[in-house]
Each structure stands twice: as structure tokens, then as C-alpha cells.
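So you can see what is in the structure, the chains are spelled out below.
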Amino acid sequence: MGILVFAVLLGLIPAAVAKSKGRSFMLWWLYGAAIWIVAMPHSLIMKADQRSLDRQAEDQGMKKCPACAEMIRNEARVCRFCQHEQAMA
């Protein structure tokens, strides 16, 4: 019983890393709980899913700058990355 609880808790680590890279927390938690020794390095070396991260940012009130494609706040008048003036809608 203790080993099962330990595996469940250990699976949270690769799941948290994967979620920060735009991946599914639940799937990575199952993967990490089942075979942590493989899931942990895999979650560390994989690249971020940029489309998923962009969608999450848009859900949080961000938009993509048309000049440099960096995510900025909807209320921004000037992009903080490239200083491009934003068109006000």
C-alpha cells in the first residue's frame, strides 16, 4: 500500500513539469506514476507545445503581437518586446 501511495505522489513531479510545457497533466501523471524512471527525464527533455501555451495565454487575456509574435496583454498599446504600436479595437 505504501509503495502505491509513493508512486502516485512521485507521478506528480513529471506531470507538473509537463503541464508547464503545455502538456496534459492527467496523462503525464499516469505515465509518471507507472514508470517514473522513464517519465521524469522524458518530461525534462521534451520541448514545450507552443500552440497549447499560446492558447492558454489567450484564455488568460493575452494576444499575439502582429510584428514579433510574442504574447502581450490585450490592453497593451505598445509591445514590450519590439515596441510595435498596437492598433486599438
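Conventions and cut-offs
Residues numbered from 1 in each chain as written. Predicted model: local features only at pLDDT ≥ 70, side-chain atom pairs only at ≥ 80, totals over all residues. Heavy atoms only, no water. Salt bridge = Lys/Arg side-chain N within 4 Å of Asp/Glu carboxyl O. Helix = DSSP H or I, 4+ residues; strand = E, 2+ residues; numbered from the N terminus. Buried < 20%, exposed > 50% of the residue type's maximum accessible area, 1.4 Å probe, protein only. Core = buried A, V, L, I, M, F, W, Y, C linked by side-chain atoms within 4.5 Å. Contact = heavy atoms within 4.5 Å. Axes fitted to C-alpha atoms, helices over the stretch in contact; angles between N-to-C directions. Parallel < 35°, antiparallel > 145°, perpendicular 65-115°, else oblique. Nonpolar A, V, L, I, M, F, W, Y, C, P; charged D, E, K, R; others polar.

Asks: I keep staring at the pattern of salt bridges and nothing clicks. Help me out?
Replies: A side chain of one charge can pair with a side chain of the opposite charge when the charged atoms of the two come close. Evaluated as defined, the whole model comprises 1 salt bridge. Here Asp54 and Lys64 are joined by a salt bridge, their closest N and O atoms 3.1 Å apart. Highlighted residues: Asp54 in helix α5 (residues 50-59) and Lys64 in strand β1 (residues 62-64), separated in sequence by 10 residues. Assessed through its relative accessible area of 40%, Lys64 is described here as partly exposed.

Asks: Would you explain the nonpolar core in this entry?
Replies: Generally speaking, nonpolar side chains in soluble globular proteins are found buried as a group. Core analysis: the largest hydrophobic core is formed by 5 residues, namely Ala15, Ala18, Trp28, Trp29 and Met46. Elements with a contribution of two residues or more to this core: α2 (12-20) and α3 (25-34). Ignoring sequence-local partners within four residues, the contact set of Ala15 consists of Phe25, Trp28 and Trp29.

Asks: What exactly am I supposed to notice about unusual backbone geometry here?
Replies: Glycine aside, residues mostly have negative phi, and peptide bonds are mostly found in the trans state. In this structure, Ala69 takes a positive phi of about 65 degrees despite not being glycine. With a phi close to 65 degrees, Gln83 is a non-glycine residue in the positive phi region. On the secondary structure map, Gln83 appears in the segment after β2 (71-73). By relative accessible area, which is 55% here, Gln83 ends up exposed.

Asks: Help me out: how do you make sense of the packing of α3 against helix α4 (residues 36-45) in this one?
Replies: Each packed pair of helices is defined by two parameters, the angle between the axes and the distance between the axes. Running from N to C, α3 and α4 cross one another at 135 degrees; their axes reach a closest spacing of 6 Å. With respect to α4, the element α3 is oriented oblique. Contacts between α3 and α4 involve Trp28, Tyr31, Gly32 and Ala34 on the former and, on the latter, Trp36, Val38, Ala39, His42 and Ser43. For the contact of α3 with α4, the per-class residue count stands at 6 nonpolar, 3 polar and no charged.

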